[in-house]
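What follows is the residue order along each chain.
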Amino acid sequence: MKDIYILGIESSCDETSVSIVKNGKEEISTVVLSQIDIHKKFGGVVPEIASRNHVESITIVIDEALKKSKLTMKDIDAIAVTYGPGLAGSLLVGVEAAKTLSLVFNKPLIAVNHLAGHIYANQLINDFSFPLICLVISGGHTELIYMDEHLSFKKLGSTKDDSVGEAYDKVARVMNIPYPGGPIIDKLSKVGNLTYNLPIPLDDDSYNFSFSGIKSAVINLVHNENQRGNEIRKEDLCASFEDVIVKSLTKKTMKAIKEYNVKYLLLAGGVSANSGIRDKFIELCNEKNIKITIPNLKYCTDNATMIATVGYYMFIKKQFSDLSLKINPSLDL
Ligand code: KG4
Ligand code: ZN
């Protein structure tokens, strides 16, 4: 069979990224331009600034990804682009660029769900075997998903309020840790002790999550300690916070694995870069003889390689869009 080359575009938040992937498996080239340093001083992503930066970078990033691949647009079989969920202005830039390429070079257009992208970052490591459970933990989402075939996503549960990534970033802010706080909390927890008592979020039998309460619990704890004149030991607070997050995520995910009689787990999304979460899931899966795949660190956070990978499977199924494609900022799986 002829090799299939998909050009993927991702611009849903603060990364402008373009990749070319061969046969849904082999990354030929990738460029990721992160705006983190621009947004850092505001303590989070500013949507208007994000979209303006995407506009400035998108054509440069497309050119560079093509140049690195040593291919031309003639070699590309289709254009895959994230059309949601994400920030409206940011999504628009990627979708308009993809439509333009599709029109000018007469290539099929493929509309990719960003969350499917995070899940398919795992396909770069191992071919999926079904059924499987996937825990998507990102800056915008916390979702427990069941898949029994490619591109079929059954939602078992999700967060009722904040995502786990938001909890990390908001708790970091309380401790004056700069945005994005997740990676720094990860580092500090490694040298901290479990000395602070925090509640396990939504410790019930459902597959849903809730992380807004844990943020309030941390704010109250810091406030009370300050009033008593006690200094907060950041490392210990990070370790105690991460401990209850890990307990919440592992309890519900391992329960779903058992109830759905699944032998394969995927972790996905920016927060799956967290070493405490990775280590605990690997330990539990080894204990229970469950196969587990977690993306390499570079593919946990936003990138276009994961979008082009989903694009390949949609290409095979001829799931194409036309030029009337619209962004969908609150798109579900
Ligand atoms: O998937 P992602 O790049 O963007 C969304 O699609 O939302 O996820 C970004 C989130 C941020 O909240 C960031 O703090 C978190 O992932 N994150 C981490 C780590 N690395 C990134 N959270 C905990 N530990 C990490 N090592
Ligand atoms: Zn993401």
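Residues numbered from 1 in each chain as written. Chains lettered and ligands numbered in written order. Predicted model: local features only at pLDDT ≥ 70, side-chain atom pairs only at ≥ 80, totals over all residues. Heavy atoms only, no water.

### With respect to the pattern of salt bridges
Within the structure shown, the criterion is met by 20 salt bridges. Between Glu 166 and Lys 170 there is a salt bridge, with the nearest N and O atoms lying 3.8 Å from each other. In this pair, Glu 166 and Lys 170 are both assigned in helix H5 (residues 164–174), 4 residues apart and thus about one turn of the helix distant. Residue classification places Glu 166 among the partly exposed positions, given a relative accessible area of 28%. Taking relative accessible area as the criterion, Lys 170 reaches 29% and is therefore assigned partly exposed. Close ionic contact of Arg 233 with Asp 236 constitutes a salt bridge, the shortest N to O distance being 2.7 Å. Overlapping salt bridges, with partners in common, bring together Asp 162, Glu 166, Lys 170 and Lys 215 in one network. (Salt bridge = Lys/Arg side-chain N within 4 Å of Asp/Glu carboxyl O. Helix = DSSP H or I, 4+ residues; strand = E, 2+ residues; numbered from the N terminus. Buried < 20%, exposed > 50% of the residue type's maximum accessible area, 1.4 Å probe, protein only.)

### Here's the deal with helix H10 (residues 305–316)
Taking 1.5 Å as the rise per residue, H10 with 12 residues should run 16 Å; its terminal C-alpha atoms sit 17 Å apart, in good agreement. The buried fraction of H10 amounts to 11 of the 12 residues, a majority that puts the element mostly inside the structure. Residues Thr 305, Met 306, Ile 307, Ala 308, Thr 309, Val 310, Gly 311, Tyr 312, Tyr 313, Met 314 and Phe 315 constitute the buried set of H10. Considering only its buried residues, H10 is in contact with strand E1 (5–10), strand E2 (15–22), strand E3 (26–34), strand E4 (78–84), strand E5 (109–113) and helix H4 (114–120). Of the residues flanking the end of H10, it is Lys 318, one or two places downstream, whose phi is positive at about 55°. (Expected span 1.5 Å × (residues − 1). Contact = heavy atoms within 4.5 Å.)

### Topic: the side chain of Ser 272
Tracing the sequence through the fold places Ser 272 in the loop between strand E9 (264–268) and helix H9 (275–287). Look at Ser 272 and you get buried, because its relative accessible area is 0%. For Ser 272, the contacting residues outside a window of four places in its chain are Ile 137, Leu 267, Arg 278, Ile 294, Pro 295 and Cys 300.

### Remarks on the domain arrangement of the protein
Structurally, the protein comprises domain 1 (5–120 + 300–316) and domain 2 (129–294). If you average the C-alpha positions of domain 1 and of domain 2, the two centres end up 27 Å apart. Each partner contributes to the interface: domain 1 provides 18 residues, whereas domain 2 provides 20 residues. Carbon and sulfur atoms make up 76% of the area that domain 1 and domain 2 hide from each other, which totals about 1,500 Å². (Domains from an automatic or database assignment. Buried area = accessible area lost by both parts, 1.4 Å probe.)

### Section: the sheet that holds E2
The strand order E3-E2-E1-E4-E5 describes an open sheet built from 5 strands, whose pairing is mixed. The sheet is open, and its two edges are formed by E3 and E5, each paired on a single side. Strand after strand, the sheet turns through a mean of 20° between neighbouring axes, direction not considered. Taken strand by strand, helix H2 (residues 47–69) contacts E1, E2 and E3, and its axis lies near 25° from that of E2. Helix H3 (residues 88–105) rests against E1, E4 and E5 of the sheet, and its axis sits at about 160° to E4. (Pairing = 2+ DSSP bridges. Axes fitted to C-alpha atoms, helices over the stretch in contact; angles between N-to-C directions.)

### Some points on the coordination of the zinc ion (ligand 2)
Bound to the zinc ion (ligand 2) on the protein side are His 114 (NE2), His 118 (NE2) and Asp 302 (OD), at distances that span 2.0 to 2.1 Å. Geometry at the zinc ion (ligand 2) is tetrahedral, judged from the 4 donor atoms that bind it and their angles of 94 to 134° at the metal. When the donors of the zinc ion (ligand 2) are listed by position in the chain, the intervening gaps give H-x3-H-x183-D. Of this pair, His 118 sits in helix H4 while Asp 302 sits in the loop between strand E10 (291–293) and H10; the two residues are 184 residues apart in sequence, bridging distant segments of the chain. (Donors = N, O, S within 2.8 Å, 3.2 Å for Na, K, Ca; no water. Tetrahedral: all angles 85-135°; square planar, octahedral: opposite > 155°, others 65-115°.)

### Details of the site of ligand 1
The environment of ligand 1 is formed by 19 residues, the closest being Gly 139, Asp 169, Asp 186, Gly 270 and Asn 274. Gly 165 is positioned with one of its backbone polar atoms (N or O) 3.3 Å from an oxygen atom of ligand 1. In the environment of ligand 1, an oxygen atom lies 2.7 Å from a nitrogen or oxygen atom belonging to the side chain of Asp 169. Relative to its unbound accessible area of 550 Å², ligand 1 is 89% covered by the protein chains. For the shell around ligand 1, the elements supplying multiple residues, two or more each, are H4, H5 and helix H6 (181–190). Split by residue class, the shell around ligand 1 holds 5 nonpolar, 11 polar and 3 charged. Of the domains in this structure, domain 1 (5–120 + 300–316) and domain 2 (129–294) are the two that each give at least three residues to the shell around ligand 1. (Near = heavy atom within 4 Å. Polar contact = N/O pair within 3.5 Å; in protein donor to acceptor, adjacent residues only side chain to side chain. Areas by Shrake-Rupley, 256 points an atom, 1.4 Å probe, with all protein chains shown as cover. Nonpolar A, V, L, I, M, F, W, Y, C, P; charged D, E, K, R; others polar.)

### Here's the deal with the pairing of E3
Bridge count between E2 and E3: 8 bridges; the pairing is antiparallel. Within E3, the residue paired with Ser 19 across the bridge is Thr 30. Here E2 folds back onto E3, and the loop between the two strands holds 3 residues, one of which, Asn 23, carries a positive phi near 55°.

### Digging into the pairing of E5
The buried fraction of E5 amounts to 5 of the 5 residues, a majority that puts the element mostly inside the structure. Here E5 shows no split at all, with Leu 109, Ala 111 and Asn 113 on one side and Ile 110 and Val 112 on the other all buried. Judged from the 5 bridges that link them, E4 and E5 form a sheet pairing that is parallel. The partner of Thr 82 across the bridge, within E5, is Val 112. The parallel pair E4 and E5 is bridged by H3, and the resulting crossover is right-handed. (Right-handed = clockwise from strand over helix to strand, strands pointing away.)

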